[in-house]
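# Structure assessment
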Number of protein chains: 2
Amino acid sequence: MAQKPSIPKGTRDFSPIEMARRNYIFDTIREVFHLFGFRQIETPAMENLSTLMGKYGEEGDKLLFKILNSGDYLRGADPALLDARESTGKLTSQLCEKGLRYDLTVPFARYVVQHRNELQFPFKRFQIQPVWRADRPQKGRYREFYQCDADIIGSDSLINEIELLQLIDQVFTRLNINVTIKLNNRKVLAGIAELIGAPDKLVDITVAIDKIDKIGIDNVNAELREHGLSDEAINALQPILSISGSVAERLATMEGILASSEIGRKGIEELREVIGGTERLGLNAELDLDVSLARGLNYYTGTIIEVKACDVAIGSITGGGRYDNLTGVFGMPGVSGVGISFGADRIYDVLNALDLYPADALDTVKVMFTNFGESEARASMQMIKHLRTAGVSAEIFPENSKMKKQMAYANALAIPFVAIVGETELAENKVTLKNMTTGDQELLTLEELIKRLAD
Amino acid sequence: MAQKPSIPKGTRDFSPIEMARRNYIFDTIREVFHLFGFRQIETPAMENLSTLMGKYGEEGDKLLFKILNSGDYLRGADPALLDARESTGKLTSQLCEKGLRYDLTVPFARYVVQHRNELQFPFKRFQIQPVWRADRPQKGRYREFYQCDADIIGSDSLINEIELLQLIDQVFTRLNINVTIKLNNRKVLAGIAELIGAPDKLVDITVAIDKIDKIGIDNVNAELREHGLSDEAINALQPILSISGSVAERLATMEGILASSEIGRKGIEELREVIGGTERLGLNAELDLDVSLARGLNYYTGTIIEVKACDVAIGSITGGGRYDNLTGVFGMPGVSGVGISFGADRIYDVLNALDLYPADALDTVKVMFTNFGESEARASMQMIKHLRTAGVSAEIFPENSKMKKQMAYANALAIPFVAIVGETELAENKVTLKNMTTGDQELLTLEELIKRLAD
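Within an unreviewed UniProt entry, the label attached to chain A reads Histidine--tRNA ligase, and the organism entered is Muribaculum gordoncarteri. UniProt, in its Sequence similarities (unreviewed entry) section for chain A, records the words "Belongs to the class-II aminoacyl-tRNA synthetase family." Under the UniProt heading Subunit (unreviewed entry), the entry covering chain A gives this text: "Homodimer."

## Observations regarding the interface of chain A and chain B
Taken residue by residue, the interface counts 106 residues in chain A and 106 residues in chain B. In total, about 9300 Å² of surface goes out of reach between chain A and chain B, with carbon and sulfur atoms giving 55% of it. Looking at the side of chain A facing chain B, the largest losses of area belong to Arg39(A), Arg85(A) and Arg388(A), adding up to 8% of the total buried there. Applying the counting criterion to the chain A and chain B interface returns ten salt bridges. In this structure, the salt-bridge partner of Glu163(A) is Arg388(B), at a minimum N-O distance of 2.6 Å. Among the elements that take part in the side of chain A that touches chain B, helix 1 (residues 16-35) of chain A stands out by supplying seven residues, more than any other. Within the side of chain A that touches chain B, the residues separate by chemical class into 50 nonpolar, 30 polar and 26 charged.

## Notes on the packing of helix 9 (residues 202-226) of chain B against helix 10 (residues 231-241) of chain B
Residue and element names in this part refer to chain B. Closest axis-to-axis distance for the helix 9/helix 10 pair is 11 Å, and the angle between their directions is 150°. Viewed along their axes, helix 9 and helix 10 adopt a mutual orientation that is roughly antiparallel. In this structure, helix 9 crosses over helix 10, and the sense of that crossing is left-handed. Residues Ile205, Ile209, Ile212, Ile217, Val220, Asn221, Leu224 and Arg225 of helix 9 form the contact with helix 10, whose participating residues are Asp231, Ile234, Leu237, Gln238, Ile240 and Leu241. Here the residues of the contact of helix 9 with helix 10 sort into ten nonpolar, two polar and two charged.

## Some points on the packing of helix 8 (residues 186-196) of chain A against helix 12 (residues 262-281) of chain A
Residue and element names in this part refer to chain A. Two elements in contact, helix 8 and helix 12, have axes whose closest approach is 7 Å; the angle formed by their N-to-C orientations is 150°. The pairing of helix 8 with helix 12 is recorded here as roughly antiparallel in orientation. Crossing handedness for the pair helix 8 and helix 12: left-handed. Along the contact surface, helix 8 presents Lys187, Val188, Ala190, Gly191 and Glu194, while helix 12 presents Glu262, Ile263, Gly264, Lys266, Gly267, Ile268, Glu270 and Leu271.

## Some remarks on the environment of Leu52(B)
All names here are of chain B. Summarising the element assignment, Leu52 is placed in helix 2 (residues 49-52). Looking at Leu52, the relative accessible area reads 0%, which means it is buried. Sequence-wise, Leu52 and Arg133 are 81 residues apart; in three dimensions their C-alpha atoms are separated by 12 Å. Those residues in contact with Leu52, other than ones at most four positions away along the chain, are Glu47, Asp61, Leu64, Gly99, Leu100, Arg101 and Val106.

## A few points about the pairing of strand 4 (residues 96-100) of chain A
All names here are of chain A. Of all the five residues making up strand 4, four are buried; the element is thus mostly covered by neighbouring parts of the structure. Alignment of strand 2 (residues 46-48) against strand 4, held across three bridges, turns out to be antiparallel. The residue bridging Glu47 from the neighbouring strand is Gly99, located in strand 4. Where strand 3 (residues 66-68) meets strand 4, three bridges bridge the pair, whose relative direction is antiparallel. If you follow Leu68 over to strand 4, its bridge partner there is Cys96.

## Some thoughts on the relation of the copies chain A and chain B
Superposition of chain A onto chain B requires a rotation of 180° combined with a translation of 0.0 Å along the rotation axis, giving an RMSD of 0.1 Å. Seen this way, the second copy is the image of the first under a two-fold rotation axis. Across chain A, the smallest distance between a C-alpha and the rotation axis is recorded for Ile67(A), namely 2.2 Å. When the interface residues of chain A are mapped onto chain B, 100% of them are again interface residues, pointing to one common binding face.

## Topic: the UniProt feature "binding site: L-histidine" (unreviewed entry) in chain A
All names here are of chain A. The sites that carry the UniProt feature "binding site: L-histidine" (unreviewed entry) are, in the present numbering, Asp103, Leu104, Thr105, Arg133, Gln147, Asp151, Arg295, Tyr299 and Tyr300. Tracing the sequence through the fold places Asp103 in the loop between strand 4 and helix 6 (105-114). Residues contacting Asp103, with those up to four places away along its chain left out, are Tyr56, Val131, Arg133 and Gln147. Within the local environment of Asp103, its side chain forms a polar contact with the backbone nitrogen of Thr105, the two atoms lying 3.2 Å apart. Residue position: Arg295 is located in the loop between strand 8 (286-289) and strand 9 (303-309). Overall, the relative accessible area of 27% leaves Arg295 in the partly exposed class. Excluding its chain neighbours within four sequence positions, the residues that come into contact with Arg295 are Tyr300, Ile304, Ile305, Glu306, Ser316, Thr318, Gly319 and Gly320.

## Thoughts on the sheet that holds strand 7 (residues 179-185) of chain A
By way of backbone hydrogen bonds, the strands of a sheet pair with one another, either parallel or antiparallel. Residue and element names in this part refer to chain A. Pairing is mixed in the open sheet, where eight strands are placed in the order 1-5-6-11-10-9-7-8. Of all strands in the sheet, those bounded by a partner on one side alone are strand 1 (39-40) and strand 8. Direction of pairing for strand 1 relative to strand 5 (residues 123-132): parallel, over a ladder of two bridges. Within strand 5, the residue paired with Arg39 across the bridge is Arg125. Most of the contacts of helix 8 go to strand 7, to which it runs at about 50°, and overall it touches strand 7 and strand 9.

## Observations regarding the sheet that holds strand 14 (residues 417-420) of chain A
Residue and element names in this part refer to chain A. With mixed pairing, five strands are arranged side by side in an open sheet as 13-12-14-15-16. The open sheet terminates on both sides in strands that have one partner only, identified here as strand 13 (394-396) and strand 16 (441-444). Adjacent strand axes in the sheet meet at a mean angle of 25° when their direction is disregarded. The sheet contact formed by strand 15 (residues 431-435) and strand 16 spans four bridges and is antiparallel. Of the residues in strand 16, the one forming a bridge with Lys434 is Gln441. Against the sheet, helix 17 (residues 446-453) contacts strand 12 (367-369), strand 14, strand 15 and strand 16, and its axis sits at roughly 130° relative to strand 16.

## Points about the pattern of salt bridges
Scanning the entire structure with this criterion turns up 46 salt bridges over all chains. Notably, a salt bridge pairs Arg452(A) with Glu442(A), separated by 2.2 Å at the nearest N-O pair. Placement of the pair is Arg452(A) in helix 17 and Glu442(A) in strand 16, with a sequence separation of ten residues. The salt bridge partner of Arg174(B) is Glu31(B), with a shortest N-O separation of 3.0 Å. Here the residue Arg174(B) occupies a position in helix 7 (residues 159-175), and Glu31(B) occupies one in helix 1 (residues 16-35), the gap between them amounting to 143 residues. A single salt-bridge network, built from bridges that share partners, covers Asp13(A), Glu47(B) and Arg110(B).

Calculation notes
- Residues numbered from 1 in each chain as written.
- Chains lettered and ligands numbered in written order.
- Predicted model: local features only at pLDDT ≥ 70, side-chain atom pairs only at ≥ 80, totals over all residues.
- Heavy atoms only, no water.
- UniProt positions renumbered as here; feature names shortened; annotations may be inferred.
- Contact = heavy atoms within 4.5 Å.
- Buried area = accessible area lost by both parts, 1.4 Å probe.
- Salt bridge = Lys/Arg side-chain N within 4 Å of Asp/Glu carboxyl O.
- Helix = DSSP H or I, 4+ residues; strand = E, 2+ residues; numbered from the N terminus.
- Nonpolar A, V, L, I, M, F, W, Y, C, P; charged D, E, K, R; others polar.
- Axes fitted to C-alpha atoms, helices over the stretch in contact; angles between N-to-C directions.
- Parallel < 35°, antiparallel > 145°, perpendicular 65-115°, else oblique.
- Left-handed = near helix turned anticlockwise from the far one by under 90°.
- Buried < 20%, exposed > 50% of the residue type's maximum accessible area, 1.4 Å probe, protein only.
- Pairing = 2+ DSSP bridges.
- Least-squares fit on C-alpha atoms with pLDDT ≥ 70 in both.
- Polar contact = N/O pair within 3.5 Å; in protein donor to acceptor, adjacent residues only side chain to side chain.

Below is the structure:
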């Protein structure tokens, strides 16, 4: 009995058109990574579970795809656990040694520790690979998706931040997407926490700040009170909540507010250097200061970066920041760095929404030769050989089918030119070239054909 | 306690240099695929086990990596099987719904059936993705490795074979690898089986034919006798075992020998058409007829292709053939096609052995700017911005470190040029460019620098 085939939920097939579009995004990002001196690495899809477990919180551990050990997998399992019939983490780790990578950061940290003696620091690496998460699938969230990460590790210089901001700008300029790059600094957030004497409420505060435009300052204050913030703390926050003006003005205001906090002042100084350095070089994107930006609050220690598309309502399409302990969990302390991650799936959605794919991102062959039988096909294949040598992609319809069927194929694949070698052309040693967009036809020699089709 | 990180056995990390080399191979293959009108697809790493199981034989089923179900995975398991503590296939399929793909062919077949209504036939697809096998790891055999497949389905025309042979030739010409392309045809083998009345001994016979050069005809005959071949059968085989001469001569001899077998004659006719068509177009590779070629004996139904490197002793580096039932197992009969698969890992080994990587397959940045402090770095970053706009990859050493350390970095990464903006250069608004190969230095304006470094 034949099976009706399907794929696991949350996963996708990519058809030629989807691949061409994805490749357009990946190729653009990859090209810019190279232009900025980042070098590519790849790590295996499977990592030891000991490498992955405990790195993404308790919830993350559950979302790891785990690979059943080969052979007699029950042999290593504790009989008591099997008898209890409880699918506990302990039993899982006895049944499974390996899991699929959940992100690119932990494998990168593992890579750095394992290859520390081969690496030249500062190490600028990029990595474009799929990751897997056993998340509940929903619109825009998949169980297999690509991440595109670039990091510079082993250097504390803010030049690295400026480089990454330029890199982001270059990628989105090439992709024709208008973006705003939002910046914050973890030290500024630490300064605010110091100021109001409530470091444990930092997440609530940033969430509240973020809502000001939507719900107004009174509602924000009420929400903060509900979260247990004292009146003094809320009063101390007011100048930050009502901050306004240009980036430079807001930096100045923040500096005044945080004057008493050493770490807060340091954060402002870093922001000033990064923004100043970036603006001196010039950016196409808008650069914005966003004190509510708190992504990866516990992970990032300095600059925090988030990129939003201006013309489509969608979440962050790129993000990153500076961290000071990438590899401590693997026994190699003090590895600091700064990195960014492009959200390929969301960028794909933005390009689709705005119809921003260039015409040549279709990945179709340039010219298809029709097939009228043996002699004609032979002559066509000789011409095709010369076209390919000249770098022109070309193919012949393999069957001597009805003309209508052959043209339907060319149309369906959006092939821009059809070349026809029929009896007449064969006799004259020529070819008729049909432009499928305009419908124009011309009779050409091979040399003329090559000239017409080679860019 | 910090963990000492490692990766699962049989898997690999790819460092920047290894990545650059692999990318050189993949990019070359991909470019030629495009040139010939093949279009890329990708399928998920995970397939339903129902899609994968039973497609690779009993041994293959064991070599599939299986993914433990999420959540309470024991709930779906038969208590009796758990109590029996036997890691049987039945229990496995209750614990695991998904597995990692084992090759690209079965996922491709599944894809074709699932997307049959969207596809335009003939469908020319290529696919370059990793596959996973729980094989015992050994030298040159990995548990994660890439396959690069191209297939044309929905066309019986031998033009497709001729196209694939040209494609193979083009790939290895570009990679500078001398190869012999060996051809056979399953129908010729069927003819031989008819001739000697021992179709079940076909594998033994092809193995024996393959050994003639090494062990001589007498030993081959003795071996065939051991395998239970009758004296009549062995006698009937003698003309095939002693076949010699050019490809054309051997085709003629084979045609005589197989004159009484209709299927055998058909095989010879196909070989003649494929070889003739290919030779008319011209090939850099040597084309050879090899009657002992029996790869995928049960799968292939027509042309059989195998590619060997001439200058390195290594197994087949590419192979393929024609089949007439890709998707029957998924309920879609009659899908015939022809395909090839490039062995990326072996091609990598061949290029390494012969040191055939071009110099620019190193993937290093073109120029590194040294860093002498804030003002110099600022000026350098302006120049870098202009270089990148001109398409020249460039970076600045992010730290104001000792010159020795900065130059050591450039050397270690084999960066061909170092640009120096010191106090003097800053005053003159110039840059000193050092060629790291020759040691030559010259003082240049920005315009001259761009001109020097842009290709």
